[in-house]
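Survey of secondary and tertiary structure
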Amino acid sequence: MARRKYVVGNWKMNGLSDAIGEAQTIFSAADGHGTVDVAICPPFTLIGTMAAAAPGKAVGGQDCHSAVSGAFTGSVAAPMLADIGASVVIVGHSERREGFGENDAEVRAKAEAGLSAGLSVILCVGEPREVRESGGAIDYVLTQIAGSVPDAFDPQRLAIAYEPIWAIGTGLVPTVADVAAMHGAIRGALAARFGDAAEAMRILYGGSVNGDNAAELLDAGDVDGALVGGASLTAAKFVPIVAAAAALG
Ligand code: PEP
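About the cut-offs
- Residues numbered from 1 in each chain as written.
- Predicted model: local features only at pLDDT ≥ 70, side-chain atom pairs only at ≥ 80, totals over all residues.
- Heavy atoms only, no water.
- Axes fitted to C-alpha atoms, helices over the stretch in contact; angles between N-to-C directions.
- Helix = DSSP H or I, 4+ residues; strand = E, 2+ residues; numbered from the N terminus.
- Left-handed = near helix turned anticlockwise from the far one by under 90°.
- Contact = heavy atoms within 4.5 Å.
- Nonpolar A, V, L, I, M, F, W, Y, C, P; charged D, E, K, R; others polar.
- Buried < 20%, exposed > 50% of the residue type's maximum accessible area, 1.4 Å probe, protein only.
- Pairing = 2+ DSSP bridges.
- Right-handed = clockwise from strand over helix to strand, strands pointing away.
- Phe/Tyr/Trp six-rings, centres within 6.5 Å; stacked < 30°, edge-to-face > 60°.
- Lys NZ or Arg CZ within 6 Å of the ring centre and 35° of its normal.

**Structural notes on the packing of helix α7 (residues 137-148) against helix α8 (residues 176-194)**
α8 packs onto α7 with a crossing angle of 35° between their chain directions and a minimal axis gap of 10 Å. Here the hand of the crossing between α7 and α8 comes out right-handed. For the pair formed by α7 and α8, the contact residues are Ala-137, Ile-138, Val-141, Leu-142, Ile-145 and Ala-146 on the first element and Ala-181, Met-182, Ala-185, Ile-186, Ala-189, Leu-190 and Arg-193 on the second. For the contact of α7 with α8, the residue count by class is twelve nonpolar, no polar and one charged.

In structure tokens:
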């Protein structure tokens with residue numbers, strides 16, 4: 001099955017209101033690469049403004065709570081994201097798993113909340129450096145997949161992002177062969193559990209993707225796109241990644 005390439009910017013805790021123009025520049029440039037789906041996930045504070053400034057474009061959150069409402073000071077529910085114009089949410093990013101102690105069950109509940117709110121979900125998995133070095137990366141990630149992917153979903157609305165923790169923001173990237181092996185293992189695990197639906201699911205790679213390495217990473221087996229942190233903050237750095245995805249069809 002042909003899967004459209006998907007390139008997603010995770011702005012993390014970066015950007016004030018003057019960054020909206022940059023997002024508009026990115027979305028306009030992405031229009032010239034119409035074979036690629038592009039989304040930007042800015043901080044919560046910018047989602048509403050960005051969605052209003054870029055009608056029809058995919059703007060998303062970087063996290064959501066698993067409940068729809070309640071006494072959860074400081075948290076944002078998935079229906080709240082949808083209410084201000086978001087169409088996407090990232091769940092289970094390693095900076096949430098590690099920094100906020102989120103486990104697979106919570107990530108799964110957040111994914112279910114996002115799907116129930118009508119959002120597309122990008123569910124992150126990835127191993128720490130010592131696990132990669134000990135040879136246990138695939139087992140580790142497949143355990144995360146087993147524990148955090150919901151049982152029922154529209155495969156068009158749930159993407160997996162494989163993000164080795166040691167590659168995030170470090171300039172380090174796995175070999176193309178290691179990326180292909182991991183993505184193939186993830187696809188295999190999804191197929192064993194969900195059958196044909198696994199073929200429709202997109203599996204993104206994330207971790208120090210930039211304009212120079214995007215073409216070869218995106219061309220690796222079972223890589224359907226990229227989740228991009230640092231290089232998604234400016235059009236100058238992000239658009240070449242979108243272009244590399246477009247060149248691969
Ligand atoms: C990320 O945070 O999801 C990420 C991949 O970051 P970076 O591209 O900066 O490594």
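**A closer look at the pairing of strand β3 (residues 58-61)**
Of the two faces of β3, the one lined by Ala-58 and Gly-60 and the one lined by Val-59 and Gly-61 are each fully buried. In this structure, strand β2 (residues 36-41) lies alongside β3, joined through two bridges in parallel fashion. Bridge assignment links Ala-39 to a residue of β3, and that residue is Ala-58. In the classification by handedness, the crossover that spans β2, the intervening helix α2 (residues 44-53) and the parallel β3 is right-handed. Taken together, the two bridges between β3 and strand β4 (residues 88-91) define a ladder with parallel strand orientation. Bridging from a neighbouring strand, Gly-60 pairs with Val-88 of β4. As for the winding sense of the linkage, the β-α-β connection from β3 through helix α3 (residues 78-83) to β4 is right-handed.

**Some thoughts on the packing of aromatic side chains**
Any aromatic ring pair is given by two values, namely how distant the centres are and how the planes are angled relative to each other. Taken as a whole and assessed by the stated rule, the structure comprises two aromatic pairs. Centre to centre, the rings of Phe-153 and Phe-194 are 4.8 Å apart; their planes meet at 70°, and the pair counts as edge-to-face. Within this pair, whereas Phe-153 is found in the loop between α7 and β6 (158-162), its partner Phe-194 is found in helix α8, the two being separated by 41 residues in sequence. Phe-153 sits in the buried class, given a relative accessible area of 18%. Residue class for Phe-194 comes out buried when judged on its relative accessible area of 18%. The ring centre of Phe-100 lies 3.8 Å from the NZ or CZ of Arg-96, which sits over that ring. The side chain of Arg-202 reaches across the aromatic face of Tyr-6, ending 4.2 Å from its centre.

Note that all results are geometric; they support no functional claim without further evidence.
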